[in-house]
Amino acid sequence: MSLRAVLPATCTVEQVEQIERAHAVAAYWHRGQKRKSCDPYIVHPVAVAVILAELGADWLLLCAGLLHDVPEDTDCPESLLRAEFGDDLVDFLGEYHAWDHTSTSSVNERILTLKLADRLHNMRTIDVMPPEMIRLRSRETLEIIVPVAARLGLDEIRLELESLARARYDTSDGHGIGLAFHAISTGAVILPPAARARYLEEWLSDLHSLPDRPTRRRFTVQLLAGMPRLAAVLRWHRLGHRELTDAARARLLLTTWWLLRSNLRVWALFTPLLIWMVLMAGADNPGDALAMLITVPPVIGAGIEWLRPRVESAVSRRR
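Definitions and cut-offs
Residues numbered from 1 in each chain as written. Predicted model: local features only at pLDDT ≥ 70, side-chain atom pairs only at ≥ 80, totals over all residues. Heavy atoms only, no water. Helix = DSSP H or I, 4+ residues; strand = E, 2+ residues; numbered from the N terminus. Buried < 20%, exposed > 50% of the residue type's maximum accessible area, 1.4 Å probe, protein only. Areas by Shrake-Rupley, 256 points an atom, 1.4 Å probe, with all protein chains shown as cover. Axes fitted to C-alpha atoms, helices over the stretch in contact; angles between N-to-C directions. Parallel < 35°, antiparallel > 145°, perpendicular 65-115°, else oblique. Left-handed = near helix turned anticlockwise from the far one by under 90°. Contact = heavy atoms within 4.5 Å. Nonpolar A, V, L, I, M, F, W, Y, C, P; charged D, E, K, R; others polar. Salt bridge = Lys/Arg side-chain N within 4 Å of Asp/Glu carboxyl O. Phe/Tyr/Trp six-rings, centres within 6.5 Å; stacked < 30°, edge-to-face > 60°. Lys NZ or Arg CZ within 6 Å of the ring centre and 35° of its normal.

## Regarding the overall build of the protein chain
If you tally the helices and strands in the protein chain, you get 15 helices and 0 strands. Residues classed as buried in the protein chain amount to 43% of the 319 residues present. When the accessible surface of the protein chain is summed, it comes to about 16600 Å², and 55% of that surface belongs to carbon and sulfur atoms.

So, in C-alpha cells, the structure goes:
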C-alpha cells in the first residue's frame with residue numbers, strides 16, 4: 001500500500017509536501033543500504049509511516065516515521081534536518097532514540113506510537129534474522145512492547161504483535177549458541193539502549209562464525225569482561241554529544257570511581273549474571289558450568305583491574 005493512499009484527509013497541501021519531502025530525504029540518505037531481507041532500506045521507514053497513517057497519525061509523526069532511522073543510521077547532518085523540518089521534529093527523534101525500554105510511564109505517547117509502528121514492521125519481517133535474535137526480539141516484544149500497545153488502547157496492534165511474537169518465541173537453538181547469546185544480551189543491559197541492538201547483532205554474527213562451543217565460551221567470557229569498558233566509552237561519547245557541563249562530567253566520573261573502588265560493589269553487580277550463566281550452562285552440560293565458574297570470574301576481575309587505574313587517573317587529573 002502506498003503512503004499517499006492512506007494519508008489523513010486532514011493534511012493540508014503544505015503538510016503533504018512536507019511528508020513527501022521527508023520521504024525524499026530518507027530515500028536519499030538510506031540510498032545503498034539494504035535490510036537483512038536484501039530489500040532497499042527505505043522500504044522499512046515507508047512501511048512504518050503507512051502503519052502510523054492507518055492509526056490516524058498527524059503529518060509531523062508521519063515525517064518522524066519516515067526519518068526515524070536517518071539520525072542513527074546515516075551520515076545526515078543534524079543541522080540539515082533542522083533546516084528542512086524544524087527543531088520540533090529533530091528533538092522528537094532525539095527523544096525517540098534516547099528512550100530506554102525499561103521505563104514507559106513518563107514517555108510521550110507519540111514516541112511510544114512510533115516505537116510500536118517500528119516494532120510491528122520489524123516483527124512482520126523478522127524471519128530473515130538468526131534464531132537467537134528472533135527469540136530475543138520476540139521476548140522483548142511480549143514483555144515490553146505489547147504492554148505499551150495495551151496501555152495506549154491500540155488493540156489491533158497489540159494482538160498482532162502478541163501473535164507474531166508468540167509464534168516465534170519458541171524458536172529452538174540447535175547449535176549451542178543460545179546460552180552464549182543469552183549471557184551476552186544479559187550483560188549488554190549496561191550499554192546505552194540506542195547502541196545495544198546494533199552491538200548484539202554484530203556479536204550474534206560473530207558467534208555464528210565461531211567453530212565450536214569452547215571457542216564461543218571464550219568469546220563470551222572475553223566479551224563480558226570488556227562490557228564495562230565498552231559501556232563507559234559509549235556513554236561518555238553519548239554524553240559528550242549532549243554537551244554536558246563540566247560538573248556533570250565530574251559527577252559521572254566520580255560515580256564510576258565510587259563503584260570501582262569497592263570489590264564488593266563491583267561483584268554485587270556481576271554476581272547475579274554469573275550465577276545465571278552457571279545455572280544455564282549446568283542445565284546443558286555440568287562440565288560447562290564448572291568451566292564457566294572457574295574461568296569467568298578471573299576474566300571479569302582482569303577487566304575491572306584494567307579499567308580501575310584508568311578511571312583513577314582520570315579522577316586525579318580533575319583534582
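## Focus: the packing of helix α3 (residues 59-67) against helix α6 (residues 87-98)
Running from N to C, α3 and α6 point in directions that differ by 55°, and their axes come no closer than 10 Å. The orientation of α3 with respect to α6, classified from their angle, is oblique. Like other packed secondary-structure pairs, α3 and α6 cross with a definite hand, here right-handed. Touching Leu60, Leu61, Cys63, Ala64 and Leu67 of α3 are Leu89, Phe92 and Leu93, all from α6. Taken together, the residues that form the contact of α3 with α6 break down as 8 nonpolar, no polar and no charged.

## What about the pattern of salt bridges?
This model, assessed by the stated rule, comprises 12 salt bridges. Ionic pairing is found between Arg82 and Asp91, a salt bridge with its closest N-O pair at 2.9 Å. The exposure class of Asp91 is partly exposed, given its relative accessible area of 36%. Of the charged contacts, one joins Arg119 and Glu140 as a salt bridge, the two residues approaching to 2.5 Å between their closest N and O atoms. Taken together, the residues Arg119 in helix α7 (residues 109-124) and Glu140 in helix α8 (residues 131-151) connect sequence positions 21 residues apart. A relative accessible area of 7% means that Arg119 is categorised as buried. Ionic contacts of the salt-bridge type, sharing partners, join the residues Glu78, Arg82, Asp87 and Asp91 into one network.

## Digging into the packing of aromatic side chains
Applying the stated criterion across every chain yields a total of 1 aromatic pair. For the ring pair Tyr28 and Trp29, a centre distance of 5.2 Å and an interplane angle of 90° mean the geometry is edge-to-face. Looking at Arg31, its charged tip hangs above the ring of Tyr28, at a distance of 4.0 Å from the centre. Positioned over the ring face of Phe92 is Arg110, at 5.9 Å from the centre of the ring.

Everything listed here is a matter of coordinates, which is why it stays silent on function.
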